[in-house]
Amino acid sequence: MRIARPRAARIVAAVIAAGLVATGCASERDDDGDSGDDSQPFVFGAAGDPASLDPSLASDGETFRVTRQAFETLLDHEPGGTELVGGLAEEWSGNETGTEWTFTLREGVTFHDGAELTGEVVCANFDRWYNWSGTYQNTTMSYYWQTVFGGFAENESPETPEPNYVGCTAPDELTAVIEVAEPSANYPGGFSLQAFSIHSPDSLEAYAEDEASGEGENLTFPGYSQEAGTAAGTGPFQISEWNKGNGEVSLTRFDEYWGDAAGVQELIFRTIPEEDARRQALQAGDIHGYDLVAPADVATLAGEGFQVPTRDVFNILYLGITQDSNEALQQLEVRQALAHAMDRENIVSTQLPEGGVVASQFMPDTVAGFSPDVTTYDYDPERAQQLLADAGAEDLAVDFCYPTEVTRPYMPAPADIYELLKADLEAVGITVNPVPLKWNPDYTETTRDGGCNIYLLGWTGDFNDGYNFLGTWFAGYSKEWGFENEELFALMDQAQAEPDEAARVAIYEQINEMVMEFLPGVPISSSPPSIAFSADVNPPTVSPLTQENFAEVSFK
């Protein structure tokens, strides 16, 4: 049984200056203070389609990039950094045991449909997620809820974790108190997750009439989440149209926004999956910015006068291994052989931006808990062949999944990285069967459901705690990894319940060392993703969490 510690709890109320999020933009503005033409639409080239207009149902960055402009959370992050600041809550605090979180809401916040933000509305949102049933209990639909708050009021699968959410009360109009059963390293950072954005009460009523359906990999999102008009948040923009044929989501400025007004009246996210096509669209003036600039294009674009800021490193790219899917992969020697066969330095030097490094463990060195004492696996094809022979797996064949029609902050060119790794594995005698899958929804659902032997995936941190990296993968059994390791899972439980930050960091170091000894997958790299803008715009402050606020954008 986990025991709450007093220091856990000493989560002192964090008082946040009103308007910090809205006014904290570090972007340079015109010196004369004049703004440009705000009637001109700002068009941003996205690498992939969103999965849903309801962030509660999503777990991917392309969805959150869009919804973050329209939906707000109780807590947020400082512009350009990882420190927690107030969002819809101006102040927050935890009790002595870390099991009760009190949020003091901002006054005068209204939703896009005119409703007012109150404590009862906050509670209605959390109660909705807690009471999800049917298809909503599929991890594809409720990934973040299950990760941060566990299961539901009535779990429908033995694989669903026990719920940690106890309830929510609103003692007055501008206060919400959320109770959990046990303290966790996920709090309070979890309250900043876009998946827990607050929706209007009318939206919640409409959602209840429109169910998700399907099972396994064949899920159908509810209709309200696939078209504009129902979902209403409190953000500086409201979603006005999702034209799937053109691959565009359009948002219009919300004039009743509680903070500083957005710098443009219309914001458009246009999906352009190919890197070269995004760059060419920017150079041609068809778009005003795009993310995930190819490393080779950074100098070219900067030389042509485009703005190409680089984010700080806060991500990991890894080779996932699903042990359940192939008996040979359950042997440590085979997993070690995969690691020794991979020339990760070649991937870093040829595929990643300047500042990228080979990863030695499943978190970047910018996160507390990084250990300098982990077992490492140098590129050594001969060693890989010997390990395969020792394991009796000289004839190993694997299905290798990689995503198409997308690039990610940790993975600028998935197909190119796949080809390099395929060649490395084949060089030591492994037969590689390629399995290309469209990112949304095929790839994310297949990998999460354990449908690949090995696969490329990564993670950009949601908030600055080591549990947000390690806990994402190794807190317990999951289909995507397909292994049981009770010693590791117990240590993860210990870390999650440890309230003292220094003690928790020490446990993270121990976990990193244990993980790299057990080698459930192979960490490949950490890298600083770049983002590009045309010369005529004031860009948003870039975020190591890739949580840019596009309300900061304006034309010069």
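Residues numbered from 1 in each chain as written. Predicted model: local features only at pLDDT ≥ 70, side-chain atom pairs only at ≥ 80, totals over all residues. Heavy atoms only, no water.

Trainee: Please clarify how the overall build of the protein should be interpreted in this entry.
Mentor: Within the protein one finds 16 helices and 23 strands. Relative to a compact globule of 556 residues, whose C-alpha radius of gyration would be 24 Å, the protein shows 23 Å and is just as compact. The dimensions of the protein, computed from C-alpha atoms along their principal axes, are 70 × 60 × 45 Å. Here the contacts in the protein between residues at least 6 apart in sequence split such that 70% fall between residues at least 24 apart. For the protein, the computed accessible surface area is about 20,800 Å², with 44% contributed by carbon and sulfur atoms. Between the averaged position of the 25 positive side-chain charges in the protein and that of its 93 negative side-chain charges there is a distance of 2 Å. (Helix = DSSP H or I, 4+ residues; strand = E, 2+ residues; numbered from the N terminus. Rg over C-alpha atoms; globule rule 2.2 N^0.38 Å. Contact = heavy atoms within 4.5 Å. Areas by Shrake-Rupley, 256 points an atom, 1.4 Å probe, with all protein chains shown as cover. Lys, Arg positive; Asp, Glu negative; His and termini not counted. Charge placed at Lys NZ, Arg CZ, Asp CG, Glu CD.)

Trainee: How should I be thinking about the sheet that holds strand E19 (residues 454–460) in this particular structure?
Mentor: Consider a sheet: its strands pair through backbone hydrogen bonds, and that pairing is either parallel or antiparallel. Strand order in the open sheet made by the 6 strands is E16-E20-E15-E19-E17-E18, with mixed pairing throughout. Of all the strands in the sheet, just strand E16 (357–358) and strand E18 (431–438) have a single pairing partner and so form its edges. Both strand E15 (residues 315–321) and strand E20 (residues 522–526) contribute to a ladder of 3 bridges, which runs antiparallel. Its bridge partner lying in E20, Leu-319 is registered against Val-522. (Pairing = 2+ DSSP bridges.)

Trainee: Any chance you could explain helix H4 (residues 119–130) here in plain terms?
Mentor: An α-helix turns once per 3.6 residues; consequently, residues spaced three or four apart project the same way. Counted at 1.5 Å a residue, the expected span for H4 with its 12 residues is 16 Å, and the 17 Å between its end C-alpha atoms agrees. In terms of burial, H4 is a largely internal element, 9 of the 12 residues being buried. Residues of H4 that are buried: Gly-119, Val-121, Val-122, Cys-123, Asn-125, Phe-126, Arg-128, Trp-129 and Tyr-130. Contacts from the buried residues of H4 go to strand E6 (100–105), helix H5 (139–149), strand E7 (165–169), strand E8 (175–180) and helix H6 (201–207). (Expected span 1.5 Å × (residues − 1). Buried < 20%, exposed > 50% of the residue type's maximum accessible area, 1.4 Å probe, protein only.)

Trainee: Sorry, what's going on with a negative patch on the surface here?
Mentor: Taken together, Glu-107, Glu-116, Glu-120, Asp-172 and Glu-173 make up a surface patch of like negative charges. Secondary-structure assignment places Glu-173 in the loop between E7 and E8. (Patch = residues over 30% accessible without salt bridge, like charges linked within 9 Å, V, L, I, M, F, W, Y side chains within 5 Å. Salt bridge = Lys/Arg side-chain N within 4 Å of Asp/Glu carboxyl O.)

Trainee: So what exactly am I meant to see when it comes to the nonpolar core here?
Mentor: With 148 residues, the main nonpolar core has Phe-126 and Leu-456 as its most contacted residues. In terms of residues, this core owes the most to one element, helix H16 (residues 501–518), which gives 7 residues. Residue contacts for Phe-126: discarding those within four places in its chain leaves Leu-74, Trp-145, Phe-149, Tyr-165, Ile-178, Phe-191, Phe-196 and Ile-198. Of all hydrophobic cores here, the second largest spans 12 residues; its members include Val-43, Ile-272, Leu-301 and Val-308. (Core = buried A, V, L, I, M, F, W, Y, C linked by side-chain atoms within 4.5 Å.)

Trainee: What should I look at first to understand the pairing of E7 in this one?
Mentor: In the case of a regular strand, side chains alternate between the two sheet surfaces. For E7 and E8, the ladder comprises 4 bridges, and the chain directions are antiparallel. Within the sheet, the bridge partner assigned to Cys-168 lies in E8 and is Ile-178. In sequence, E7 turns back onto E8 through a hairpin of 5 residues.

Trainee: I'm lost on the state of the cysteines in this one. Help?
Mentor: One covalent bond between the sulfur atoms of two cysteine residues makes up a disulfide. Applying the stated criterion to the full structure yields 2 disulfides. Here Cys-123 connects covalently by a disulfide to Cys-168, the sulfurs 2.1 Å from one another. Negative torsions about the S-S bond denote left-handed disulfides, and the value of about -65 degrees found for Cys-123 with Cys-168 makes this one left-handed. Taken together, the residues Cys-123 in helix H4 and Cys-168 in strand E7 connect sequence positions 45 residues apart. Both residues of the pair, Cys-123 and Cys-168, count as buried. The disulfide partner of Cys-401 is Cys-452, and the gap between their sulfur atoms is 2.1 Å. For the disulfide bridge between Cys-401 and Cys-452, the dihedral angle about the S-S bond is near -100 degrees, and by the sign convention the bridge is left-handed. In this pair, Cys-401 is assigned in strand E17 (residues 397–404) and Cys-452 in the loop between helix H13 (439–448) and E19, connecting sequence segments 51 residues apart. (Disulfide = S-S within 2.5 Å.)

Trainee: I keep staring at the sheet that holds strand E11 (residues 237–243) and nothing clicks. Help me out?
Mentor: In space, the 6 strands of this open sheet follow the order E11-E12-E13-E2-E14-E21, with mixed pairing throughout. Every other strand in the sheet has two partners, leaving E11 and strand E21 (531–533) as the edge strands with one partner each. When strand polarity is set aside, the average angle formed by the axes of neighbouring strands in this sheet is 20 degrees. Pairing analysis gives 5 bridges linking strand E12 (residues 248–253) to strand E13 (residues 266–271), with the strands arranged antiparallel. (Axes fitted to C-alpha atoms, helices over the stretch in contact; angles between N-to-C directions.)

Trainee: Is there a simple way to think about the pairing of E6 in this case?
Mentor: What you see with E6 is a clean split: Trp-101, Phe-103 and Leu-105 sit on the buried side and Glu-100, Thr-102 and Thr-104 on the side with no burial. Direction of pairing for strand E5 (residues 89–94) relative to E6: antiparallel, over a ladder of 5 bridges. Across the sheet, the residue bridging to Trp-92 is Phe-103, located in E6. Connecting E5 to the antiparallel partner E6 that follows it, the hairpin turn spans 5 residues, and Gly-98 within it adopts a positive phi of roughly 70 degrees. The pairing of E6 with E8 spans 5 bridges and is antiparallel. Residue pairing in the sheet places Trp-101 in a bridge with Ile-178 of E8.

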